[in-house]
Amino acid sequence: MVIEGGCYCGAVRYKAEGDAMFRGQCHCRECQYISGGAPNLVMGMPEAGFEYTKGAPKAFRRSDLENPVTREFCAECGTHLASRAPGMPLALIKVGTLDDPAEFGGPQMAIYTVDMQSFHQVPEGCATFERMPG
Ligand SMILES: [Zn+2]
Ligand SMILES: [Zn+2]
């Protein structure tokens, strides 16, 4: 599949080719900042097939965490587009930035439920993991 998306203001656009390797929601405390408080919905696409086609994101990594993810966002409008986790050859694309978010189809797993809030919800049939699977 080929999916395209971009930020709220349109300054940064991306294209991702390949099969989705991960469809999930992350409840970790860090993601709650980025999502607005809900779990963060992400679709993992092969890093090799992912490229920015317009503009370039700003990247941020926390220095106080042991294995921080890199979070890529538009410096103009602040929309978070994707993150990269150390040792994972995936671009974890934020579902809300897809041109057609329906292509996500729903999460297959909920991760980092250890940080779940009482008002978070996990869809029925979705596998849950306290941290990462495996
Ligand atoms: Zn933007
Ligand atoms: Zn997270």
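In the block above lies the structure referred to throughout.
The sections below set out a description of the structure shown in this document. Position numbers for residues count from 1 along each chain, tracking the sequence in the order it is written. Chains carry letters and ligands carry numbers; both start at the beginning, A for chains and 1 for ligands, and go up in the order they are written. Local features are withheld for residues below a pLDDT of 70 in this predicted model, meaning they are given only at 70 or higher, and side-chain atom pairs are given and counted only at 80 or more; totals for whole chains, interfaces and linings count all residues. Remark: hydrogens and water are excluded; side-chain values derive from all non-hydrogen atoms of the structure.

1. So, unusual backbone geometry
With a phi angle near 55 degrees, Tyr112 is a residue other than glycine that sits in the positive phi range. Each helix is a run of H or I in the DSSP string that is no shorter than four residues. Each strand is a run of E no shorter than two, and both are numbered from the N terminus. Summarising the element assignment, Tyr112 is placed in the loop between strand S10 (109–111) and strand S11 (127–128). When accessible area is computed with a 1.4 Å probe and restricted to protein chains, residues below 20% of their type maximum are described as buried, those above 50% as exposed, and intermediate ones as partly exposed. Of the residues examined, Tyr112 reaches a relative accessible area of 26% and is grouped as partly exposed.

2. Overview of the pattern of salt bridges
Criterion for a salt bridge: a side-chain nitrogen of Lys or Arg within 4 Å of a carboxyl oxygen of Asp or Glu. Applying the stated criterion across every chain yields a total of seven salt bridges. The partner of Arg13 in a salt bridge is Asp99, and the shortest N-O contact between them spans 2.8 Å. Here Arg13, found in strand S2 (residues 13–17), pairs with Asp99, found in the loop between strand S9 (90–94) and S10; they are 86 residues apart in sequence, far enough to count as distant. Among the salt bridges present, the one from Arg84 reaches Glu72, with a minimum N-O distance of 3.1 Å. Taken together, the residues span a long stretch of sequence, with Arg84 in strand S8 (residues 80–84) and Glu72 in strand S7 (residues 70–73) at a distance of 12 residues. Judged by its relative accessible area of 19%, Arg84 is buried.

3. Some remarks on the coordination of the zinc ion (ligand 2)
Shown as donors are all N, O and S atoms within 2.8 Å of a metal ion, widened to 3.2 Å for Na, K and Ca; because water is not in the atom set, sites may appear incomplete. The zinc ion (ligand 2) binds to the protein through Cys26 (SG), Cys28 (SG) and Cys31 (SG), with metal-donor distances spanning 2.1 to 2.3 Å. Along the chain, the residues donating to the zinc ion (ligand 2) fall in the pattern C-x1-C-x2-C.

4. Re the side chain of His27
For His27, the position within the fold is in the loop between strand S3 (22–26) and helix H1 (29–35). Take His27: its relative accessible area is 0%, and that puts it in the buried class. Between N or O atoms, a polar contact is any pair within 3.5 Å; within protein, one atom must be a potential hydrogen donor and the other a potential acceptor, and residues adjacent in sequence are included only when both atoms are from side chains. Among the polar contacts listed, one links the side chain of His27 to the side chain of Gln25, at a separation of 3.0 Å. A distance of 3.0 Å separates the side chain of His27 from the side chain of His120, its partner in a polar contact. The contact criterion used is simple: two residues touch if any of their non-hydrogen atoms lie within 4.5 Å. Look past the residues within four positions of His27 in its chain and what remains in contact with it is Gln32, Pro39, Ala110, Ile111, Tyr112, Thr113, Asp115, Met116, His120, Gln121 and Val122.

5. Digging into the packing of aromatic side chains
In this description, an aromatic ring pair is defined by two values, namely the gap between the centres and the angle between the planes. Each Phe, Tyr or Trp ring, with Trp reduced to its six-membered ring, pairs with another whose centre is within 6.5 Å; inter-plane angles below 30 degrees give stacked pairs, above 60 give edge-to-face pairs, and intermediate values give tilted ones. All told, the structure shown has two aromatic pairs when counted by the stated rule. Between Tyr14 and Phe50, the aromatic rings sit 5.5 Å apart at their centres with planes inclined by 35 degrees, giving tilted as the arrangement. With Tyr14 in strand S2 and Phe50 in strand S5 (residues 50–54), the pair connects residues that are 36 residues apart, well separated along the chain. One exposure class covers both Tyr14 and Phe50, and it is buried.

6. A closer look at the coordination of the zinc ion (ligand 1)
Within the protein, the zinc ion (ligand 1) binds to Cys7 (SG), Cys9 (SG), Cys74 (SG) and Cys77 (SG); these donor distances fall in the range 2.3 to 2.4 Å. Angles of 107 to 113 degrees at the metal separate the four donor atoms of the zinc ion (ligand 1), which places the site in the tetrahedral class. Ordering the donors of the zinc ion (ligand 1) by residue number gives the pattern C-x1-C-x64-C-x2-C. Of the two residues, Cys9 is situated in the loop between strand S1 (2–6) and S2 and Cys74 in the loop between S7 and S8; the sequence distance between them amounts to 65 residues. What makes Cys9 partly exposed here is its relative accessible area of 43%. Irregular is the default label, applied whenever a site is not tetrahedral (four donors, all angles between 85 and 135 degrees) and neither square planar nor octahedral (four or six donors, opposite donors over 155 degrees apart, all other angles between 65 and 115).

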